[in-house]
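Fold and geometry: a report
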Amino acid sequence: MKTQMETDLRLESSLWVGNKRYLAVLTGWHLKWTEADKKNRDKKTVSVPVAEVVGVEEGRVEVLPHKSVEDTDRDFTVFYVKRSNSRTSSGLLWRLGRTQFTCPSRVLRDQWTKHLRTALKTHSPLRPHRLLVFINPFGGKKKGRQIYHSLVAPVFELAGISSHVLVTERANQARDHLLKKDLTGFDGVVCVGGDGMFSEVLQGVIGRTQQEAGLCENDPAVALQPCPLHIGIIPAGSTDCVCYATVGVIDPVTSALHVVIGDSQPLDVCSVHHGPGQVRYSVSLVGYGFYGDVLAESEKHRWMGPFRYDYSGAVVFLSNRSYRGTVQYLPADPLMSSPRDKTRCLSGCGVCAKSTERLFTNSSDSGSLYSSNSGPFSNGSEDEWVSVDGRFKSVSLTCMSSSCAKSPLGLSPSAHLADGTGDLILVWDTNPLGFLAFLYRHTTDQDQFDLPFVEVHRVKAVRFALAGGGEEAEDSEGLRGAVDGGDGAYVENGSIAGSQQHLAAGANGQTMTCEDKTTSPFTCGLCCRKAPAVSVWNCDGEILPSPEICCRIHGQLVRLYARGIEDGTFLEDCTEEREECNRTCR
Ligand SMILES: CCCCCCCCCCCCC/C=C/[C@@H](O)[C@H](COP(=O)(O)O)NC(=O)CCCCC
Ligand SMILES: Nc1ncnc2c1ncn2[C@@H]1O[C@H](COP(=O)(O)OP(=O)(O)O)[C@@H](O)[C@H]1O
Ligand SMILES: [Ca+2]
């Protein structure tokens, strides 16, 4: 049955596209046009959901690479999302589709543009009108500014979005701006950069929301307030994992289109409490051991650009480290899903949809995870925690698959973007060949969890402590203790990179100075009599100063301008008209 709105918006006319006549129909939900002068079986219909119309302009208009307008009074141009057939990565590339229609009269042209604009307003309530854009000019291959101005700004302009653009001059400028400045009137924040830049925006947006709600974000017991501002990511970094895992492709135009049509993807966030009053938020990797060491090593080679991770990965792999620790985790409900169930979280994911209901109605998944009068390491449901003590190559927690170009299925291929859980991956100490096999499987579709020294658990919270109170670190030969007032592992003279003599963390904020005074703790690892006993945590590309942490997953705390990964397989062999297909072709 048609709604009143659909009836009001319905328009049907015979229009021309080039030298062919089409029957064009605007229903409440779709704009369709079908060739009029062909026999039935040859007729092709193009159908665009109104929600995917980017803009409507009078005249014959072009936008990319440069804007040009031929102002004729019987023409109008419709811009919309067009999916590209090329399948180079896990999701679908979006392009700006454009069709120029010619009407029999100016009156009819004005009727079409008016109806289309009304339909857009009615169907896409989350389309942004005003955006705050942060560009990191130094991220990735240093092309952030160019990417924004040549590929993204024209699309924003076409969609009638007004953007306030800030090119950052220092690290944490975007975070500080979001925490302190007036944000009235902005619908969303867009970051042009990599995961580090996204992380800054995440800290700012979540922090600001909690400040305004009067909540203490440092207390792991507090149920955090979901953030009203949407976040858009224009990929221009090195790993771009958050973009890859939520869109499926690293492509600035695709991401810009998700922003302008006001797509909305909820995202789980992990709060990582790493000392009294110290919290950071992560959506992808919280990793100790291998991933922490790779990040610490890579910071010294930023000049290499994205290749620094390959180089540092090789250096760290060759240093063959493993670390002792106690990992405790609070398992998620095994009936909901499992990290080994071979499903994938795709656009419109049923597991995430069910979780929305559960997360916002069931208090046991939100506020009462920790009782507010007890610390994060002791709470009402202590007997539910599982404790594992041992020596690990790596300990990783991820709220999403964390897929990226290096690993198209990610650290945990069946993880969900918005189910309120994270996946904890424990890789026990093993021989270098075994660990290489584990790493290599990330680049293929082989199951990286199907190895005897790997385990994976779906969890709601995790705690990590140095085994034996960090005694092993203090005992390490080749390291002599030096108290430095609480900075953490691999802090080089108080900062992460840049000095000659390095320090390694001991327990309780104590750091150790390497006697050999080599430039890097990792090359040192090959020459010191004993390797450092403590690694660092990699929190979405930032090094945490303390090895002892407590993490809690907050279901659907933020929203991205994205819709999850679209499964393109159906488009290729789809014989239905797009509006009949209830999968990707919706
Ligand atoms: C023998 C082949 C080995 C290949 C191993 C592939 C494993 C890849 C898993 C990558 C997970 C990425 C998780 C995301 C981390 C980012 O937040 C972080 C910062 O990114 P950016 O701000 O864009 O610089 N990136 C990393 O920590 C890099 C990890 C690279 C590990 C090899
Ligand atoms: N203008 C700037 N100068 C130096 N560092 C910056 C600037 N703007 C942002 N940053 C920092 O740069 C780091 C890396 O940025 P990112 O965009 O993630 O690039 P990449 O993916 O190459 O690491 C982030 O941690 C961010 O805080
Ligand atoms: Ca999740």
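Just so we're clear, the structure is a prediction, and the values are computed from it rather than from any experiment.

Calculation rules
Residues numbered from 1 in each chain as written. Chains lettered and ligands numbered in written order. Predicted model: local features only at pLDDT ≥ 70, side-chain atom pairs only at ≥ 80, totals over all residues. Heavy atoms only, no water. Helix = DSSP H or I, 4+ residues; strand = E, 2+ residues; numbered from the N terminus. Buried < 20%, exposed > 50% of the residue type's maximum accessible area, 1.4 Å probe, protein only. Contact = heavy atoms within 4.5 Å. Areas by Shrake-Rupley, 256 points an atom, 1.4 Å probe, with all protein chains shown as cover. Near = heavy atom within 4 Å. Polar contact = N/O pair within 3.5 Å; in protein donor to acceptor, adjacent residues only side chain to side chain. Nonpolar A, V, L, I, M, F, W, Y, C, P; charged D, E, K, R; others polar. Domains from an automatic or database assignment. Pairing = 2+ DSSP bridges. Donors = N, O, S within 2.8 Å, 3.2 Å for Na, K, Ca; no water. 1 Å grid on protein atoms, 1.4 Å probe; cavity = no way out; pocket = protein on both sides within 12 Å on 5 of 7 lines; lining within 4 Å. Points joined across faces, edges and corners; volume = space filled by probe spheres on them. Expected span 1.5 Å × (residues − 1). Buried area = accessible area lost by both parts, 1.4 Å probe. Salt bridge = Lys/Arg side-chain N within 4 Å of Asp/Glu carboxyl O. Phe/Tyr/Trp six-rings, centres within 6.5 Å; stacked < 30°, edge-to-face > 60°. Lys NZ or Arg CZ within 6 Å of the ring centre and 35° of its normal.

Thoughts on the overall build of the protein chain
When helices and strands are tallied, the protein chain shows 14 helices and 26 strands. Expressed as a percentage of the 586 residues in the protein chain, the buried residues total 57%. Counting only contacts in the protein chain whose residues sit at least 6 apart along the sequence, the fraction spanning at least 24 positions is 72%. Summing over all exposed atoms, the protein chain offers an accessible surface of approximately 24,600 Å²; the carbon and sulfur share of this is 51%.

Side note on the site of ligand 1
Asp-195, Gly-196, Thr-239, Tyr-309 and Asn-538 are the nearest of the 19 residues found near ligand 1. In the environment of ligand 1, an oxygen atom lies 2.8 Å from a nitrogen or oxygen atom belonging to the backbone of Thr-239. One of the side-chain nitrogen or oxygen atoms of Tyr-309 is found 2.5 Å away from an oxygen atom of ligand 1. Residue assignment for the shell around ligand 1 shows that the elements contributing at least two residues are helix H5 (195–213) and helix H9 (308–319). When the residues that make up the shell around ligand 1 are grouped by side-chain class, the tally is seven nonpolar, eight polar and four charged. Here the shell around ligand 1 spans two domains, since at least three of its residues come from each of domain 2 (126–263) and domain 3 (293–500 + 532–554).

Some points on the pairing of strand S1 (residues 11–17)
Burial along S1 is one-sided: Leu-11, Ser-13, Leu-15 and Val-17 are buried, and none of Glu-12, Ser-14 and Trp-16, which face the opposite way, are. Direction of pairing for S1 relative to strand S2 (residues 20–26): antiparallel, over a ladder of seven bridges. Among the inter-strand pairings, Glu-12 is bridged to a residue of S2, identified as Val-25. Between the end of S1 and the start of S2, which pair antiparallel, lie two residues, with Gly-18 showing a positive phi angle near 65°.

Thoughts on the site of ligand 2
Lining the immediate environment of ligand 2, one finds 20 residues, of which Gly-140, Thr-168, Gly-194, Glu-200 and Ser-238 sit closest. Side-chain polar atom of Thr-168 to a nitrogen atom of ligand 2: 2.7 Å apart, as the coordinates give it. Met-197 is positioned with one of its backbone polar atoms (N or O) 3.1 Å from an oxygen atom of ligand 2. Protein contacts shield 86% of the accessible area of ligand 2, which totals 570 Å² for the unbound molecule. For the shell around ligand 2, the leading source of residues is H5, giving four residues.

Here we look at the coordination of the calcium ion (ligand 3)
Perfect tetrahedral coordination of a metal by four donors corresponds to 109.5 degrees between them, and perfect octahedral coordination by six donors corresponds to 90 or 180 degrees. In this structure, Asp-268 (OD), Cys-399 (O), His-416 (O), Asp-419 (OD) and Thr-421 (O) serve as the protein donors to the calcium ion (ligand 3), at separations of 2.3 to 2.5 Å. Sequence positions of the residues that donate to the calcium ion (ligand 3) give the spacing D-x130-C-x16-H-x2-D-x1-T. Taken together, the residues span a long stretch of sequence, with Asp-268 in strand S14 (residues 265–273) and Thr-421 in the loop between strand S18 (386–398) and strand S19 (422–428) at a distance of 153 residues. Judged by relative accessible area, Asp-268 falls into the buried class, the value being 0%.

Let's talk about empty space enclosed by the protein
For the structure on display, the rule yields six cavities of 30 Å³ or more. Considering only enclosed or pocket space, the largest cavity measures out at about 90 Å³ in volume. In this structure, the largest cavity is lined by Ala-245, Arg-344, Cys-345, Ser-401, Ser-403, Pro-408, Leu-409, Pro-413, Ala-415, His-416, Leu-417 and Ile-565. Partitioned by chemical class, the residues of the lining of the largest cavity number eight nonpolar, three polar and one charged.

Thoughts on helix H10 (residues 350–361)
An ideal rise of 1.5 Å per residue puts 16 Å on twelve residues; H10 measures up with 17 Å between its terminal C-alpha atoms. At its buried positions, H10 is contacted by strand S26 (549–560).

Describing the domain arrangement of the protein chain
Here the protein chain is partitioned into domain 1 (4–125), domain 2 (126–263) and domain 3 (293–500 + 532–554). Contacts between the two partners involve 19 residues from domain 2 and, on the opposite side, 24 residues from domain 3. Both faces combined, the contact of domain 2 with domain 3 buries some 1,600 Å², and carbon together with sulfur accounts for 65% of it. On the domain 2 side of the interface with domain 3, the three residues burying the most area are Pro-220, Ala-221 and Tyr-244, jointly 31% of the side's total. Inspection of the region where domain 2 meets domain 3 yields four residue pairs in polar contact (both at pLDDT 80 or more). Taken together, the elements giving at least two residues each to the side of domain 2 that touches domain 3 come down to H5 and helix H6 (241–247). At five residues, H6 tops the list of elements feeding residues into the side of domain 2 that touches domain 3. Here the residues of the side of domain 2 that touches domain 3 sort into ten nonpolar, six polar and three charged.

A short note on the pattern of salt bridges
Across all of its chains, the model carries 23 salt bridges by this definition. Here Arg-83 ties to Glu-52 by a salt bridge, and the two come within 2.9 Å at their closest N and O atoms. Here the residue Arg-83 occupies a position in strand S8 (residues 75–83), and Glu-52 occupies one in the loop between strand S4 (45–49) and strand S5 (53–58), the gap between them amounting to 31 residues. Close ionic contact of Lys-406 with Asp-310 constitutes a salt bridge, the shortest N to O distance being 3.6 Å. Residue Lys-406 is located in the loop between S18 and S19, and its partner Asp-310 is located in helix H9; the two are separated by 96 residues in the primary sequence. Judged by relative accessible area, which is 46%, Lys-406 ranks as partly exposed. Put simply, Glu-52, Arg-83, Asp-263, Arg-563 and Glu-566 are held in one network by salt bridges that share partners.

Re the packing of aromatic side chains
Using the criterion set out here, one finds 13 aromatic pairs in the structure. Here the aromatic rings of Phe-435 and Phe-438 are separated by 5.9 Å at their centres, their planes lie at 20°, and the arrangement is stacked. Placement of the pair is Phe-435 and Phe-438 together in helix H11 (residues 432–441), with a separation of three residues, close to one helical turn. Assessed through its relative accessible area of 3%, Phe-435 is described here as buried. The structure contains a cluster of three or more aromatic residues connected by ring pairs, namely Trp-33, Phe-76, Tyr-80, Phe-101 and Trp-112. The cationic tip of Arg-130 hangs over the ring face of Phe-186; the distance from NZ or CZ to the ring centre is 4.2 Å.

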